[in-house]
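# Examination of the molecular architecture
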There are 4 protein chains.
Amino acid sequence: MAKPRGRDLGLRFPGQPGPLNAITDVPGVLVGQTTLDGSMPGAAAPTVRTGVTAILPRGHSVDPVPVLAGTFALNGNGEMTGCHWIRDAGSFLGPVCITNTHSVGIAHHAAVRWMIRHHAATFGPDHIWAMPVIAETYDGVLNDINGQHLTEAHVLAALQSAQGGPVAEGNTGGGTGMICYEFKGGTGTASRRIPVEGRDFHVGVLVQANHGLRDWLTVLGEPVGQAMQHDRMMQREAGSIIVVIATDLPLRPDQLERVARRASIGIGRSGTPGGNSSGDIFLAFSTAAPAAQGAFQTLTCLADAHLDPVYLATVEATDEAIINAMLAACDMPTLKPAGRICRAIDGQALAGMLRGAGKCG
Amino acid sequence: MAKPRGRDLGLRFPGQPGPLNAITDVPGVLVGQTTLDGSMPGAAAPTVRTGVTAILPRGHSVDPVPVLAGTFALNGNGEMTGCHWIRDAGSFLGPVCITNTHSVGIAHHAAVRWMIRHHAATFGPDHIWAMPVIAETYDGVLNDINGQHLTEAHVLAALQSAQGGPVAEGNTGGGTGMICYEFKGGTGTASRRIPVEGRDFHVGVLVQANHGLRDWLTVLGEPVGQAMQHDRMMQREAGSIIVVIATDLPLRPDQLERVARRASIGIGRSGTPGGNSSGDIFLAFSTAAPAAQGAFQTLTCLADAHLDPVYLATVEATDEAIINAMLAACDMPTLKPAGRICRAIDGQALAGMLRGAGKCG
Amino acid sequence: MAKPRGRDLGLRFPGQPGPLNAITDVPGVLVGQTTLDGSMPGAAAPTVRTGVTAILPRGHSVDPVPVLAGTFALNGNGEMTGCHWIRDAGSFLGPVCITNTHSVGIAHHAAVRWMIRHHAATFGPDHIWAMPVIAETYDGVLNDINGQHLTEAHVLAALQSAQGGPVAEGNTGGGTGMICYEFKGGTGTASRRIPVEGRDFHVGVLVQANHGLRDWLTVLGEPVGQAMQHDRMMQREAGSIIVVIATDLPLRPDQLERVARRASIGIGRSGTPGGNSSGDIFLAFSTAAPAAQGAFQTLTCLADAHLDPVYLATVEATDEAIINAMLAACDMPTLKPAGRICRAIDGQALAGMLRGAGKCG
Amino acid sequence: MAKPRGRDLGLRFPGQPGPLNAITDVPGVLVGQTTLDGSMPGAAAPTVRTGVTAILPRGHSVDPVPVLAGTFALNGNGEMTGCHWIRDAGSFLGPVCITNTHSVGIAHHAAVRWMIRHHAATFGPDHIWAMPVIAETYDGVLNDINGQHLTEAHVLAALQSAQGGPVAEGNTGGGTGMICYEFKGGTGTASRRIPVEGRDFHVGVLVQANHGLRDWLTVLGEPVGQAMQHDRMMQREAGSIIVVIATDLPLRPDQLERVARRASIGIGRSGTPGGNSSGDIFLAFSTAAPAAQGAFQTLTCLADAHLDPVYLATVEATDEAIINAMLAACDMPTLKPAGRICRAIDGQALAGMLRGAGKCG
């Protein structure tokens, strides 16, 4: 049973979330996860604590319709494939998968295979160029990462099982073996509703949170990490965070790149200055209809003057998704070095501290 | 007489500042300002409320020795000249001047003239390429910006008067006519001490703060803007912020670019998501000795593994400099639209709110 | 009387130019130049050999309608203002001026003044943000650049006199004191016609050419520089080139940035590898109608699949504009060091060499 | 038996190559290739015509010493992993592999495995972050790319067999199924010698050439493609080129990025304007010793003033490597669409054309 999320605990995050407070509030965006958690009682492979999180921007549609997109790396000590083409074409086709550092290859291989099969009927005899977006963070403290245990079948399972609705957070999918502000980290999500001219749109964020030092940890403006010094894990930042931002607002690629850049401020809200060994890489995409075919195309997009609420939503949802990832996570024993426990943050204790500051109901 | 700065009021900013808590804590870095404040009683030109702030990275030395540098624009709706060459050469020669949007040209013209004269003895018959760094934010609400009142003499005066010691904050220099979070903004500064291997270095920040909406304003994690709704100025973000980061740590250009990028998180601490109409442009430079001449050069630099404290110092000092700019500023009547007063934030009221949250001594 | 251009000499440049073979083949694009050529007999100020070239993307219209734009710097040892905003907004408003390195400031100052006045009726009481595009190359070998002789009046004159029709090339405007492949350089232009779906569009290029070593010089694939070793000027590349690319094709900002990037290949055709001390900075803009106002905007643009002819046109016109600049230029005595003559390339000799290679009619 | 290379045919390429005229002229740089050429008589899998080319920047050393590096994408329709970290850290550890588009994942997976094993003794119980550089071009016209036939064993074989000496060009390794200017393309290499202060250094280039339209093809300045209209393959550019530039000169990351940018001009020499559907992605690395460990590091690098010969060498060697790739390639029947032959360029015919132009001995 899932632990309470931030708002369930009463944490007073700003802004108005969508119905699920998840990336799946953006219509058509589906999430599938394969979780290999060897730390669970009776697990066959106890040192395997990893997985993959798959995001389908256009659901299970077999039509190969790209989504417009933009990316930004606050700090590049990580990987997100597909970014060269996103930068120049402003779009990508196919899934986004997030896994551990040493499984980027197999996730890429499997995602390509899935794309070839998935779009086979549409492409028919035509050429398909499959260049999926695969991102990663490092889980070698909690997972036997050098064993490269993720398989093609695991990735295909995540892709095929992608669905709407609530997203399992914490020790799930690619986030299974993550550490965040020296607490147990993982997968987290949140969303914001953005009304424009009487119509509701959403910005949804999914993070794989594996970054930060305890002393930096700040929740809703309170430097709680400095008061929670138990079970610290490391002396020096060695993690990363991947932020995926989805929206159904019609945004151009250059606008989406600017949105992706704002995730910098979003991750900063929980205290990180963007550590040097961290791969802080962000992707923003829009599910709005792309331009129609023809020599001259017509593209609809939100006016720049309306972007500030989108930026604010991105900042807020990124921050809330990180806290949700931590709150949903569960304790996990370490592998390298062995013999310790990476503790999940105590949600009730956090709520208590924030209640004292008037930031929790 | 200057109003109390943030720490004077008891605000509990994190980190250890340098002796002056100013960019001038970096040895050799001097600041000069020309302030044209027509709003002062008896001013000859009451609609002129502008100026220029000059930073000399190598003081008044006539040796033309570049400083290594890097830049980043979180949002580019603004100007900072010299960035093409900084990006490729990783260095610049000459002063940094910050003024209003429509005085970039005259400040550039004057800075070039100053460089030609200043380095004349050294260059002698040789060529000098003068490409100074001139940045700006918009002061058209409080200043007759279209009058282009700044003159070459004003800029030369700022350059010639540059000195160490405390920096006049608030309605001073280029910051004279600025608005920040709908309070009166302006020039602000702060610094952090960074010990490395038993030696003290500093990161110093100077901002020209002209950005933000009241509802966003957050100080030390408290959303104080939402509780200070009086005298609001605008519906929509229309400002900008320039952040200049100086250090005596030996950093490579690529490291300085990464430092500049962290100012994004720094400005985010007071609440802005980086508005679309904002020119949020950041410059970082190092006063350490550049490489010696010769076909093969030797460059000393801080190891990447030691950068996180520099990033954190940049984030913290940027945030504190913005708050210092607001606290030092004074009320100013508006010009366009006319008839209102742009109020300075009430430092005591702010301190009171923060004291209630345990964030002010 | 103008000297013969490349095609007049019979040089077999590839592609189909527009009627004028000039940037002014793009409807609405006007060019004005102020030339201060003290090397002409009887000149009052013999050491002043400089000027300014002004390009009006939307002619003399007082409506402040931006043009979509993109930029690229192959090598950044130079200046082009306005690029931060072009990168983020994908557009700019106002003129493009090209002058010498030490006159960037006054040209910026004058262009801002011109914009304030020019658009006064339209803006009325509203705010105008003037951030014009000012670029430069260095003319200190032939001009008393440290005298900063260009004035506001000179720049305003260039702006006010901007017109369509043929563009004066060679020792004109900002190109007056330039050196190219150690021959006399300057202003040059060329264009290409691009039919799309039965309609004719144009790509027009204007260069201020001040780059290159003699040994590198290649015309239509022939390494002619190695056979023209007379009157060499320098040992080491110390120049720059500005390339402005205009089109009436509807291109998005990201497409225009890609177009700008192709000027790298364009300048490479005459032999330069992009010297380290060179400011090789390129701007591309489209005069097509921008998106209409409203929360949701509709933008028409050329499909990516149709871009290759635009890229090829850019490469070809950039190359031809450089050769045209050299062919139109006239001898000029040097100032620093003094006592030499910077020779114009001998068009007939060049034509002869190319005729031998079958590349001249 | 290898066909004659460009210089063997008498083609008068400019510049002075190293002893092998190959990337392996850079000491320590090794190349290994696995070639799966089903088009060879008797091949078991006739539709498989692909492979992988592995470059080991530091040979078979088990010490995990990064090489400093920089990258540039003239056009991003392709993949090169590892670029986020190269951009921020300015270095990478591990091999560079080039393969087909749909084998990027398996090559990444195998390269990670190889790195884990290869550096096992050195890392011991410590963490290794494996983020290898895997690049690709598309071979779906000549190879059953959707079959994803490359295996982990194939990649490991290429890595393990990497060696110095001459590099097999043409239909080899990742270049097996490539098409270049509508002739058969593939793997090619060239180098240039660069003396600095009496010591010889080298710039070596390896390309996987899969780009260009016949009409564009230009060799040594002669537009030979327009005269070789037989056996054309396509209407529209659909290919890509990967350029890897190695040097033993001590260059900083920012210098290496500038070097990588010059490959744009290098590929332009054979006529391409950088097609929109092309992934033109370039990597430059230096094998010079990196900075020593410690809080303050000392880095030796070439002075910027000495870079122009490096840029020129990069341009020249890139161009020559492409022509070498074409000259070494052999005819191959097409798969999709089936029934045609992708012809290798006729080296003797080419030499004849160039001899007529005085460009072949």
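Each remark here, short or long, concerns the structure printed above.
Heads up: these notes are all about the structure in this document.

Conventions we followed
- Residues numbered from 1 in each chain as written.
- Chains lettered and ligands numbered in written order.
- Predicted model: local features only at pLDDT ≥ 70, side-chain atom pairs only at ≥ 80, totals over all residues.
- Heavy atoms only, no water.
- Contact = heavy atoms within 4.5 Å.
- Buried area = accessible area lost by both parts, 1.4 Å probe.
- Salt bridge = Lys/Arg side-chain N within 4 Å of Asp/Glu carboxyl O.
- Polar contact = N/O pair within 3.5 Å; in protein donor to acceptor, adjacent residues only side chain to side chain.
- Helix = DSSP H or I, 4+ residues; strand = E, 2+ residues; numbered from the N terminus.
- Nonpolar A, V, L, I, M, F, W, Y, C, P; charged D, E, K, R; others polar.
- Least-squares fit on C-alpha atoms with pLDDT ≥ 70 in both.
- Core = buried A, V, L, I, M, F, W, Y, C linked by side-chain atoms within 4.5 Å.
- Buried < 20%, exposed > 50% of the residue type's maximum accessible area, 1.4 Å probe, protein only.
- Arc of directions from axis to C-beta.
- Pairing = 2+ DSSP bridges.
- Axes fitted to C-alpha atoms, helices over the stretch in contact; angles between N-to-C directions.
- Phe/Tyr/Trp six-rings, centres within 6.5 Å; stacked < 30°, edge-to-face > 60°.
- Lys NZ or Arg CZ within 6 Å of the ring centre and 35° of its normal.

### Section: the interface of chain D and chain A
- Between chain D and chain A, the residue contacts involve 44 residues of the former and 44 residues of the latter.
- Roughly 3,800 Å² of surface becomes buried between chain D and chain A when both sides are summed, with 54% attributable to carbon and sulfur atoms.
- Inspection of the chain D/chain A interface yields zero salt bridges.
- Viewed at the interface, chain A and chain D are joined by 22 residue pairs in polar contact (both at pLDDT 80 or more).
- Going through the elements one at a time, strand E3 (67-76), helix H1 (83-89) and helix H2 (104-118) of chain D are the ones with two or more residues in the side of chain D that touches chain A.
- The greatest single-element share of the side of chain D that touches chain A, amounting to eight residues, is contributed by H2 of chain D.
- Class assignment for the residues of the side of chain D that touches chain A results in 18 nonpolar, 19 polar and seven charged.

### A look at the relation of the copies chain D and chain A
- Superposing chain D onto chain A takes a rotation of 180° combined with a translation of 0.0 Å along the rotation axis, leaving an RMSD of 0.0 Å. Taken together, the rotation and translation describe the operation of a two-fold axis. Closest approach to the rotation axis within chain D is made by the C-alpha atom of Gly105 of chain D, at a distance of 2.0 Å.
- Interface residue correspondence from chain D to chain A reaches 100%, placing this contact among same-surface, isologous pairings.

### Here we look at the nonpolar core
- Membership of the largest hydrophobic core comes to 123 residues, with the highest contact counts inside it found for Leu11 of chain C together with Leu11 of chain D.
- Broken down by element, this core gets its largest block of residues, twelve residues, from helix H6 (residues 308-328) of chain C.
- Those residues in contact with Leu11 of chain C that sit more than four places away from it in its chain are Gly6, Val219, Leu220, Ile323, Leu327, Leu350, Ala351, Leu354, Lys359 and Cys360 of chain C.
- If you look at the next biggest cluster of nonpolar residues, it comprises 118 residues, including Val224 and Met228 of chain A together with Ile194 and Tyr311 of chain B.

### Observations regarding helix H7 (residues 347-356) of chain C
Residues and elements named next belong to chain C.
- All buried positions along H7 are accounted for by Gly347, Leu350, Ala351 and Leu354. For H7, the angular spread of the buried residues around the axis is 100°, confining them to a single face. Exposed and facing more than 90 degrees away from the buried side of H7 are Gln348 and Gly356.
- Where H7 is buried, its residues touch H6.
- Taking the backbone nitrogen of Gln348 as reference, a side-chain oxygen 3.0 Å away marks Asp346 as the first, capping residue of H7.
- Positioned one or two residues after H7, Gly358 has a phi angle of 75°, which is positive.

### Observations regarding the sheet that holds strand E6 (residues 133-137) of chain A
Residues and elements named next belong to chain A.
- In spatial order, the strands read E1-E2-E5-E6; together these four strands make up an open sheet with mixed pairing. Two strands close off the open sheet at either side, each with one partner strand: strand E1 (30-37) and E6. The sheet shows a mean angle of 15° between the axes of neighbouring strands, direction not considered.
- With five bridges joining them, strand E5 (residues 96-100) and E6 adopt parallel strand pairing. Counted as the bridge partner of Thr99 is Glu136 from E6.
- Where helix H2 (residues 104-118) meets the sheet, its contacts fall on strand E2 (49-56), E5 and E6, and the angle it forms with E6 comes to roughly 155°.

### Some details on the interface of chain C and chain B
- On the chain B side, the residues contacting the 44 residues of chain C number 44 residues.
- Interface area, chain C with chain B, both sides summed: about 3,800 Å², of which 54% is carbon and sulfur.
- Linking chain C to chain B there are zero salt bridges.
- Inspection of the region where chain C meets chain B yields 21 residue pairs in polar contact (both at pLDDT 80 or more).

### A short note on the packing of aromatic side chains
- In this structure the tally under the stated criterion is 18 aromatic pairs over all chains.
- When the centroid spacing of 4.5 Å and the interplanar angle of 25° are considered together, the rings of Trp129 of chain B and Tyr138 of chain C count as stacked. One end of the pair, Trp129 of chain B, is in the loop between helix H3 (120-123) and strand E6 (133-137); the other, Tyr138 of chain C, is in the loop between strand E6 (133-137) and helix H4 (152-160), on a second chain.
- Looking at Trp129 of chain B, the relative accessible area reads 34%, which means it is partly exposed.
- Note on Phe92 of chain C and Phe285 of chain C: the rings are 6.0 Å apart at their centroids and 90° apart in plane angle, and the pair reads as edge-to-face. Here Phe92 of chain C is found in strand E4 (residues 91-92), whereas its partner Phe285 of chain C is found in strand E12 (residues 279-286), with 193 residues between them in sequence. The burial state of Phe92 of chain C is the same as that of Phe285 of chain C; both residues are buried.
- Here the basic side chain of Arg262 of chain B rests over the ring of Tyr311 of chain B, its NZ or CZ set 3.8 Å away from the ring centre.
- The cationic tip of Arg214 of chain C hangs over the ring face of Phe183 of chain C; the distance from NZ or CZ to the ring centre is 3.6 Å.

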